[in-house]
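# Structural characterization, general
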Amino acid sequence: MSHSTGIETNGVEQIPDDQRDATPLDLFRLIFGGANTFATAVLGSFPVLFGLSFQAGLWAILLGVGVGALILAPMGLFGALNGTNNAVSSGAHFGVHGRIVGSFLSLLTAVAFFSLSVWSSGDALVGGAKRLAGLPETDLTLGLAYGLFAVLVLVVCIFGFRFMLWVNKIAVWASSLLFLLGILAFAGPFDMHFAGSVNLGQPGFWAAFVGAAILAMSNPVSFGAFLGDWSRYIPRQTPKARIMLAVIAAQAATLIPFLFGLCTATLVATQAPDYIAANNYVGGLLAISPGWFFLPVCLIAVIGGMSTGTTSLYGTGLDMSSVFPRLLSRAGATLLIGVAAIAFIFIGRFTFNLVQSVSTFAVLIITCTSPWMVIMILGLVTRRGFYHADDLQVFTRGQRGGHYWFTHGWNWRGMGAWIPSAAVGLCFVNLPGQFVGPLGELAGGIDLSLPVTLGMAGLLYIALLNLFPEPAGVYGPQGPRWVRCKSAPRTPVTTAESA
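Let me sum up the structure you'll find in this document. (Residues numbered from 1 in each chain as written. Predicted model: local features only at pLDDT ≥ 70, side-chain atom pairs only at ≥ 80, totals over all residues. Heavy atoms only, no water.)

## A closer look at the pattern of salt bridges
Any two side chains of opposite charge can pair, on the condition that their charged atoms come close. In plain terms, the rule: Salt bridge, as used here: a side-chain nitrogen of Lys or Arg that lies within 4 Å of a carboxyl oxygen of Asp or Glu. Note on conventions: DSSP H or I runs of at least 4 residues are helices, E runs of at least 2 residues are strands, and numbering of each starts at the N terminus. The rule is simple: take the accessible area with a 1.4 Å probe, protein chains only, and divide by the maximum for that residue type; under 20% is buried, over 50% is exposed, in between is partly exposed.
A complete count under the given rule lists 6 salt bridges for this structure. Note that D26 and R29 form a salt bridge whose closest N and O atoms lie 3.0 Å from each other. Of the two residues, D26 and R29 are both situated in helix α2 (residues 24-35); the distance of 3 residues between them amounts to about one turn of the helix. Residue classification places D26 among the buried residues on the basis of a relative accessible area of 9%. Where salt bridges share partners, they join D17, R20 and R236 into one cluster.

What follows is the structure, encoded as structure tokens:
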């Protein structure tokens, strides 16, 4: 137990082999534990909020989670290969300075999903306590609930990986059992033939369907920047297939909270439609819940809020410590980011009422993160999984040079594929009433942002690698796959001062 509760001292430097004792099962627990919460159930309610039937919503969720899981799976390999987080590993493809793109994306993703977790869990806890014990639902009680979650999450994240893993071991089973209790609570009135308001063949159906699928896909894709935070403790000789299967299995398991959200949202729409009209799924769920389910709702809120919040915040603190290695330790960076995120939560909830806009924020972030992931995965394939792990650390150590120095620390092949792909993808976003890009109406209201940004990133990156070959040294002894390389000497590693 002391091994679990001691404060972690490792930052983004390579984890020594004798400390890498995690398993793919541990990775499964952290991913599933981070998504097995009310925040995911809220995402599962969006097909109904968009007007889809139960069956159409089910297919949208299955499509989004399935595609997202396949894209996400290879992102679990970088941590085991390089012993560091994914943002640092991205330096192999974006340059040791260009890796700040991954750091920035992970920061935005963490704030979005940490906020969604704290807001949804806090609302559920206070609402359940109101029905269970008569606790008044005021700004004060909501603020206390948000603060409680935020502080608890911050404490777990400061202690680090092993304590977080211990918390998630409990959270995975506890939340799953509580969600399964929900089947008993709502099985009687549930109707799988719920029709919705927008059906196949009607105007707006495909726009709603694609929008719901993209929101479901945002959940697995949101883990892309964070998987290395946990897989860096997995021994490098672990079979790659086992790591990817653990990632896919964890995403398949998230169908428990996703479908809980979808099924109960149909009941809220039928029995408490005013809550659906107000986009208040959590309030509607509490309004229709039987009295004996209020306590499980409160427990899901506490346990799920803890697990989702820790998986979001931990990685961002870890990564920010590597961006400013001389100023911030991992614990210090976690504390700083945590305090800033808490401020964002309170300002957003009580000043700007941004709770309903988190879905928009998530889609915009995923539109930018997806092409970054495609470039990482294609880089992994073209390099045949070969990396110079020590050269990835030159920025963290305040040095220059190495195999991944490229052009003053920037690899414009990766950057040149990511920037236009993300920009064009944002132009195709179509979230009616929330955000519509300048090209969002080209397909009759259907959101084409993800297909466009994914395809464009893949084609651009492979083309740039062939038109402007990278040095042979980055590919290792077997040489490149699918692309050309050039003969070029490795830039010597020097300190920043001497350079």
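Still to come is the rest of the account.
## Looking at the packing of helix α3 (residues 38-49) against helix α11 (residues 205-221)
What counts, and what does not: Each axis is a line fitted through C-alpha atoms, taken for helices only over the stretch in contact, and angles between the N-to-C directions span 0 to 180 degrees. The labels follow the angle: roughly parallel below 35 degrees, roughly antiparallel above 145, roughly perpendicular from 65 to 115, and oblique for the rest. Should the near helix be turned counterclockwise from the far one by less than a right angle, the crossing is left-handed, whereas a clockwise turn marks it as right-handed. In this analysis, two residues are considered to be in contact whenever any of their non-hydrogen atoms come within 4.5 Å of each other. Three categories are distinguished: nonpolar for Ala, Val, Leu, Ile, Met, Phe, Trp, Tyr, Cys and Pro, charged for Asp, Glu, Lys and Arg, and polar for the others, with Gly belonging to the last.
In contact at an axis separation of 8 Å, α3 and α11 are set at 165° when each is read in the N-to-C sense. Comparing the axis directions of α3 and α11 gives the class roughly antiparallel. As for how α3 packs across α11, the hand of that crossing is left-handed. In contact with T40, L43, F46 and P47 of α3, α11 contributes A212, L215, S218 and N219. A class-by-class count of the residues in the contact of α3 with α11 yields 5 nonpolar, 3 polar and no charged.

## Observations regarding the side chain of T264
Here is the rule we go by: In the analysis that follows, any N or O atom pair within 3.5 Å is treated as a polar contact, provided that within protein one partner can donate a hydrogen and the other can accept it, and provided that, for residues neighboring in sequence, both atoms belong to side chains.
Here T264 shows up in helix α14 (residues 255-271). A polar side-chain atom of T264 sits 2.6 Å from the main-chain carbonyl oxygen of F260. Of the polar contacts made by the side chain of T264, one reaches the backbone oxygen of G261; its length is 3.3 Å. Non-local contacts of T264, meaning those with residues more than four positions away in its chain, are made with F186, Y281, L285 and I288.

## A closer look at the packing of aromatic side chains
The condition that has to hold: For this analysis, a ring pair means two rings from Phe, Tyr or Trp (six-membered ring only for Trp) whose centres lie within 6.5 Å, classed as stacked if their planes differ by under 30 degrees, edge-to-face if by over 60, and tilted for the remaining angles.
Applying the stated rule across the entire model yields 15 aromatic pairs. Geometrically, the ring pair formed by W206 and F209 is edge-to-face, given 5.6 Å between the ring centres and 80° between the ring planes. Of this pair, W206 and F209 both sit in helix α11, 3 residues apart, which is roughly one turn of the helix. Given the relative accessible area of 12%, F209 is considered buried.

Don't take any of this as a statement about function, it's just geometry.
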